[in-house]
Amino acid sequence: MRLKRAVIAGTTALAALVLVTGCGEDDPMADLGLPSASDMASLASLINEHAACQDLETDPADWDYMKDEAKNPAWGIKERAHCEDEHGDDITLLLIDDMRKFQEQSAKGEESWQIGQDFAIAPVNGETVHQLAESKMMALSCSPDLTVPSGYKKIDGLVDGCVVTDYLADS
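Here is a short report on the structure shown in this document. Remember, it's a predicted structure, so these values are computed and weren't measured experimentally.

Another point: the state of the cysteines. Applying the stated criterion across every chain, the model contains two disulfides. Each disulfide pairs two cysteine sulfurs, and for Cys 53 the partner residue is Cys 83, the sulfurs being separated by 2.1 Å. In this structure the cystine formed by Cys 53 and Cys 83 twists about its S-S bond by roughly -115 degrees; its chirality is therefore left-handed. With Cys 53 in the loop between helix H2 (40-48) and strand E1 (54-58) and Cys 83 in strand E2 (residues 77-84), the pair connects residues that are 30 residues apart, well separated along the chain. Judged by its relative accessible area of 0%, Cys 83 falls in the buried class. A disulfide bridge connects Cys 142 with Cys 162, and the sulfur atoms are separated by 2.0 Å. Between Cys 142 and Cys 162, the disulfide has an S-S torsion of 100 degrees and is therefore right-handed.

Strand order in the open sheet formed by eight strands is E1-E2-E3-E5-E4-E6-E8-E7, with antiparallel pairing between adjacent strands. Of all strands in the sheet, those bounded by a partner on one side alone are E1 and strand E7 (154-156). Neighbour-to-neighbour, the strand axes of this sheet turn through a mean angle of 30 degrees, independent of strand direction. Where strand E3 (residues 90-96) lies against strand E5 (residues 119-123), five bridges are found, and the strand directions are antiparallel. Paired with Thr 92 across the two strands is Ala 122, which belongs to E5. Here H2 sits on the sheet in contact with E1, E2, E3 and E5, set at roughly 135 degrees to E3. Sheet strands in contact with helix H4 (residues 99-109) are E2, E3, strand E4 (112-115), E5 and strand E6 (138-141), and its direction is about 135 degrees off that of E3.

With 22 residues, the main nonpolar core has Phe 102, Trp 113, Ile 115 and Leu 140 as its most contacted residues. At the level of secondary structure, the elements contributing two or more residues to this core comprise E3, H4, E4, E5 and E6. Grouped together as the second largest cluster of nonpolar side chains are 17 residues, Met 40, Leu 46, Leu 93 and Met 137 included.

Cut-offs and rules
- Chains are numbered independently. Their residues run from 1 in the order of the written sequence.
- Selection of residues for local features in this predicted model requires a pLDDT of at least 70, selection of side-chain atom pairs for listing and counting requires 80 or more, and totals for whole chains, interfaces and linings are taken over all residues.
- Only hydrogens and water are set aside when side-chain values are computed; all heavy atoms of the structure are taken into account.
- Whenever a pair of cysteine sulfur atoms sits within 2.5 Å, that pair is classed as a disulfide.
- Helix numbers and strand numbers start at the N terminus; a helix is a DSSP run of H or I with at least 4 residues, a strand a run of E with at least 2.
- Three labels apply to residues, based on accessible area from a 1.4 Å probe with only protein chains included: buried if under 20% of the type maximum, exposed if over 50%, partly exposed otherwise in between.
- For two strands to be treated as a pair, DSSP must find at least two bridges joining them.
- Helix axes use the C-alpha atoms of the stretch in contact, all axes being lines fitted to C-alpha atoms, and the angles between their N-to-C directions lie in the range 0 to 180 degrees.
- Note on contacts: a residue pair qualifies if any of its non-hydrogen atoms lie within 4.5 Å across the two residues.
- The definition of a nonpolar core used throughout is a set of buried Ala, Val, Leu, Ile, Met, Phe, Trp, Tyr and Cys residues joined through side-chain atoms within 4.5 Å.

Read these as spatial facts, not as claims about activity.
Encoded structure:
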């Protein structure tokens, strides 16, 4: 009887240790310290701390970028919006429900994004991309042509063919 209790206690302790330490976790991005945004207002606010997101418009009818994709459940997109940076250039904002689905779809088109834990943005202006580096967003690239120089982080994404990096290639 004591042996049975010891085995049960040991198994329970091991399971708890695995849960606490995160061993067995299959999300390579979990410990990157990426920012999070619960809604478009908080995402626009995050952008505005480092660059500009002016005239935020949710699901704009006259902005076609990612319009169809945002309606397709295969992309894992919760909400789409648009704003302009301080140069008048476009920024597409996406709240993401399922980052794995988002990366799977991005890999098909070799898309690149600035990402947080639960969002992706696509600024057009390279200066805006560099301003946002201070936000701790990272680049998600699914391009086989991306070369990350030494000294920069390069973490495998959630799907084959995608990487997350702090290297910001010039746009």
